[in-house]
Amino acid sequence: LFFFLLSNKVVLTGLYPGSEEGWQVYSTASDPDGRCVCTVVAPARNLCKRDPRSRQLRLLTEQVQNVSQSMEVVDLRTSRDLQYVRDSEPLVRGVDGRLHTYVANPRSLTAKGLQELKGQMSQLRPLLSVVEQYRLDLQTLATLRLELLNLSIILTAIQEEIGAYDYEELQQRVLLLETRLHSCMNKLGCGRLTSVSSPITVRASGSRFGSWMTDAMIPSSDSRVWSMDGYYKGRRVLEYRTMGDFTKGQNFVQHLLPHPWAGTGHVVYNGSLYYNKHQSNILVQYHFRSRSVLLQRSLSGAGYNNTFPYSWGGSSDIDLMADEMGLWAVYTSIPNAGNIMVSRLDPRSLDVLQSWDTGFPKRSAGEAFMICGTLYVTNSHLAGAKVHFAYHTNTSTYEYTDIPFHNQALYTWNNGHQVIYNVTLFHVIRSDG
């Protein structure tokens, strides 16, 4: 599940309200608060009787409008984030001054206090270099806006003299502008969790425990949903064509896994199911299209068979996850004294690329989930739970949080109910490197 959105553009198809003919929604854009600010529609292809070059030109015109709208969104976000950075500079300099004072006079600060200040500095120091970078980004956006204006003027002239311009060259210019725009947008970083909504029930079916998921690595046009009922020795995976089919319990195919699973910490990533093999610490990659196991590999030292589960039990020793950074395994082992380990995995080989010892006891955790390389841990699986702990793999640091959380992870199976949660992320700017 991807929680980080840039332009919020989506592609839809259907009848446009108020029209006697069928219209196709070409694309839409939203502002940073999620409100729809622009919708571009075009006649369905089978209704267009004009010169094919005219249809190409109209699509290019709409594409320019979409890019222009996206730039406005990025411009607004960049300006807002830059203001936040400006407001944060005094705090950065103040904390830095305090840190130098304490370093010069260690007696005035305890070891714990000094460590906390160093952690704050490590977190805030990059903001200083980001200020100048974002001033340059604003200049880049201004240049892109001017180029789009010039291109719009050219398109207007072509509309008056259709056929007098090289459409292929024009399309290449639009693609170049989109590439430059995405390059600028990609400078924006991931967000930090600030709140989780109450659960929204999608469906009520199955036993008390299970898992359901989508694949965030496939195109948005592919909206399949997978469901796995139970946590012990299950082998049956149901694949639904759409979310709507899942909610109605219709239009599904069945996959029968050659090896049973343990727990509910499965994940679908780039067309494959990754899961923990029953009564072992072996990870299995099952490919849906070929209906075959592509890979099996032991997660060295990881506990299994309720050795180190979450507080609710359920053979939840090994929890596999995926986020914007890739594929992850959350588990623990005897050498780690039962503390949660986070390992980033290579999805093609299941090799461990890097591991972190969070220091948080897994049996004290109700559930955990990853967003943007940060592991968030709840303090219970019961009512009144909170997101209590966050471990940031990019800095190998942790913090304690106090975010109310009504049960388990973001796509969850809550006592026979399949629910989702809306999350709110604080936007953090990512600097080069």
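Just so it is clear, the structure is predicted and the values come from calculations on it, not from any experiment. (Residues numbered from 1 in each chain as written. Predicted model: local features only at pLDDT ≥ 70, side-chain atom pairs only at ≥ 80, totals over all residues. Heavy atoms only, no water.)

## Side note on the overall build of the protein chain
Phase 1 of the analysis: Counting its secondary structure elements, the protein chain contains five helices and 23 strands.
Phase 2 of the analysis: Sequence-distant contacts in the protein chain: of pairs separated by 6 or more residues, those separated by 24 or more amount to 53%.
Phase 3 of the analysis: Here the protein chain has roughly 22,000 Å² of accessible surface; of this, 51% comes from carbon and sulfur atoms. (Helix = DSSP H or I, 4+ residues; strand = E, 2+ residues; numbered from the N terminus. Contact = heavy atoms within 4.5 Å. Areas by Shrake-Rupley, 256 points an atom, 1.4 Å probe, with all protein chains shown as cover.)

## A short note on unusual backbone geometry
Phase 1 of the analysis: Even without glycine at this site, Ser315 takes up a positive phi of about 55°.
Phase 2 of the analysis: If you trace the backbone, Ser315 turns up in the loop between β12 (292–298) and β13 (319–323).

## Digging into the pattern of salt bridges
Any two side chains of opposite charge can pair, on the condition that their charged atoms come close.
Phase 1 of the analysis: For the coordinates displayed, the defined rule picks out six salt bridges.
Phase 2 of the analysis: Asp351 is the partner of Arg297 in a salt bridge, and the nearest nitrogen-oxygen pair spans 2.0 Å. In this pair, Arg297 is assigned in strand β12 and Asp351 in the loop between β15 (339–345) and β16 (352–361), connecting sequence segments 54 residues apart.
Phase 3 of the analysis: By relative accessible area, which is 33% here, Arg297 ends up partly exposed. (Salt bridge = Lys/Arg side-chain N within 4 Å of Asp/Glu carboxyl O. Buried < 20%, exposed > 50% of the residue type's maximum accessible area, 1.4 Å probe, protein only.)

## What to know about the side chain of Ser316
Phase 1 of the analysis: Structurally, the position occupied by Ser316 is in the loop between β12 and β13.
Phase 2 of the analysis: Reaching out from Ser316, the side chain makes a polar contact with the backbone oxygen of Gly313 at a distance of 2.6 Å.
Phase 3 of the analysis: The contact partners of Ser316, leaving out residues within four places of it in the chain, are Gly263, Asn306, Phe308, Pro309, Tyr310 and Lys362. (Polar contact = N/O pair within 3.5 Å; in protein donor to acceptor, adjacent residues only side chain to side chain.)

## Quick word on a nonpolar patch on the surface
Phase 1 of the analysis: On the surface, Leu146, Leu149 and Ile153 cluster together into a nonpolar patch covering about 300 Å² of accessible area.
Phase 2 of the analysis: Here Ile153 lies in helix α3 (residues 126–160). (Patch = residues over 30% accessible without salt bridge, like charges linked within 9 Å, V, L, I, M, F, W, Y side chains within 5 Å.)

## Concerning the sheet that holds strand β20 (residues 397–404)
By way of backbone hydrogen bonds, the strands of a sheet pair with one another, either parallel or antiparallel.
Phase 1 of the analysis: Taken in spatial order, the four strands of this open sheet run β17-β18-β19-β20, and their pairing is antiparallel. A single partner strand is all that each edge strand has here, and the edge strands are β17 (368–371) and β20. Put simply, the sheet's adjacent strands are angled 25° from each other on average, direction ignored.
Phase 2 of the analysis: In this structure, β17 lies alongside strand β18 (residues 374–378), joined through four bridges in antiparallel fashion. Bridging from a neighbouring strand, Ala368 pairs with Val377 of β18. (Pairing = 2+ DSSP bridges. Axes fitted to C-alpha atoms, helices over the stretch in contact; angles between N-to-C directions.)

## Regarding the side chain of His266
Phase 1 of the analysis: With respect to the helices and strands, His266 occurs in the loop between β8 (252–262) and β9 (267–269).
Phase 2 of the analysis: Within the local environment of His266, its side chain forms a polar contact with the backbone oxygen of Gly263, the two atoms lying 3.2 Å apart.
Phase 3 of the analysis: Every residue in contact with His266, bar those within four places of it in the chain, is listed here: Ser211, Met213, Met228, Trp261, Leu273, Tyr274, Tyr275 and Leu320.

## Here's the deal with the environment of Ser300
Phase 1 of the analysis: Following the sequence through the fold, Ser300 ends up in the loop between β12 and β13.
Phase 2 of the analysis: On the basis of relative accessible area, Ser300 is assigned to the exposed category, the value being 67%.
Phase 3 of the analysis: Between the C-alpha atom of Ser300 and that of Asn281, which follows or precedes it by 19 residues, the distance is 7.5 Å.

## Thoughts on the packing of aromatic side chains
Phase 1 of the analysis: All told, the structure shown has 15 aromatic pairs when counted by the stated rule.
Phase 2 of the analysis: Between Tyr231 and Trp312, the ring centres sit 6.1 Å apart and the planes meet at 90°, which makes this aromatic pair edge-to-face. Of this pair, Tyr231 sits in the loop between β6 (225–229) and β7 (232–240) while Trp312 sits in the loop between β12 and β13, and the two are 81 residues apart along the sequence.
Phase 3 of the analysis: The exposure class of Tyr231 is partly exposed, given its relative accessible area of 28%.
Phase 4 of the analysis: We classify Trp312 as buried; its relative accessible area is 14%. (Phe/Tyr/Trp six-rings, centres within 6.5 Å; stacked < 30°, edge-to-face > 60°.)

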